[in-house]
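Fold and geometry: a report
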Amino acid sequence: MNYFFNSTKKKTNCNILNSYNYQKQLSKDRKSIVLLALGWGAAIISIFSPAIGCISIISGLSLIKKHRKFAGCTLVLITLVLVYIGLSGFSDGFIAGIQKK
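Reference entry: report on the structure contained in this document.

1. Side note on the overall build of the chain
Counting its regular elements, the chain contains four helices and zero strands. Looking at the 101 residues of the chain, the share that counts as buried comes to 20%. Within the chain, counting contacts between residues at least 6 apart in sequence, those at least 24 apart form 58% of the total. Put simply, the chain shows about 8000 Å² of open surface, and 67% of that area lies on carbon and sulfur atoms.

In structure tokens form, the structure reads like this:
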């Protein structure tokens, strides 16, 4: 009867696997955060240089592949809008407006 109330915890294979899966999930989250930061930074820069928008779109697609669908789709759609704004001549008008002052 005493073995049911054993207070000492033994490290079983199940606990080791859970710990490993937790560490693996943290690693995935860190990679996703890096992809998000890189993607949003490139999206902002794509207003002035639309070619940089490719980096942001690739980051968004990588996020979708890593099962972060909402974050990835949002990043891709916003990047496409910002690239369109950049191609429409926003950067020329913005820089010309700054130089007049």
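2. Some details on the side chain of Ser32
With respect to the helices and strands, the residue Ser32 is situated in helix α1 (residues 13-45). Take Ser32: its relative accessible area is 4%, and that puts it in the buried class. Contact partners of Ser32, with chain neighbours within four places excluded, come to Leu63, Lys66 and Arg68.

3. Some details on the environment of Asp92
Position of Asp92 among the secondary structure elements: in helix α4 (residues 90-100). Look at Asp92 and you get exposed, because its relative accessible area is 58%. Separated by 44 residues in the primary sequence, Asp92 and Phe48 place their C-alpha atoms 8.3 Å from one another.

4. Comments concerning the packing of helix α2 (residues 53-65) against helix α3 (residues 69-87)
At a minimum axis distance of 7 Å, the contact between α2 and α3 shows a crossing angle of 160°. Of the possible angle classes, the one that applies to α2 and α3 is roughly antiparallel. The hand of the α2/α3 crossing is left-handed. Note on element contacts: α3 touches α2 through Lys69, Gly72, Cys73, Leu75, Val76, Thr79, Leu80 and Val83, opposite Gly53, Ser56, Ile57, Ser59, Gly60, Leu61, Leu63 and Ile64. In the contact of α2 with α3, the residues fall into nine nonpolar, six polar and one charged.

5. Quick look at α2
Across its 13 residues, α2 extends 18 Å between first and last C-alpha, which sits within 8% of the 18 Å expected from 1.5 Å per residue. Of all the residues in α2, the buried ones are Gly53, Ser56, Ser59, Gly60 and Leu63. On an axial view of α2, the arc spanned by its buried residues comes to 120°, and they lie on one face. Of the exposed residues in α2, the ones pointing more than 90 degrees away from its buried face are Ile58 and Lys65. Just past α2, the residue His67 takes up positive phi, approximately 65°.

6. Here we look at α3
For α3, which comprises 19 residues, the first-to-last C-alpha distance of 27 Å matches the rise-based estimate of 27 Å (1.5 Å per residue) to within 8%. For α3, the set of buried residues is Gly72, Leu75, Val76, Thr79, Leu82, Val83 and Gly86. Taken end-on, α3 shows its buried residues confined to a sector of 135°, consistent with a single buried face. For α3, exposure combined with an orientation more than 90 degrees from the buried face picks out Lys69, Phe70, Leu77 and Tyr84. Positioned one or two residues after α3, Gly89 has a phi angle of 105°, which is positive.

What counts and what doesn't
- Residues numbered from 1 in each chain as written.
- Predicted model: local features only at pLDDT ≥ 70, side-chain atom pairs only at ≥ 80, totals over all residues.
- Heavy atoms only, no water.
- Helix = DSSP H or I, 4+ residues; strand = E, 2+ residues; numbered from the N terminus.
- Buried < 20%, exposed > 50% of the residue type's maximum accessible area, 1.4 Å probe, protein only.
- Contact = heavy atoms within 4.5 Å.
- Areas by Shrake-Rupley, 256 points an atom, 1.4 Å probe, with all protein chains shown as cover.
- Axes fitted to C-alpha atoms, helices over the stretch in contact; angles between N-to-C directions.
- Parallel < 35°, antiparallel > 145°, perpendicular 65-115°, else oblique.
- Left-handed = near helix turned anticlockwise from the far one by under 90°.
- Nonpolar A, V, L, I, M, F, W, Y, C, P; charged D, E, K, R; others polar.
- Expected span 1.5 Å × (residues − 1).
- Arc of directions from axis to C-beta.

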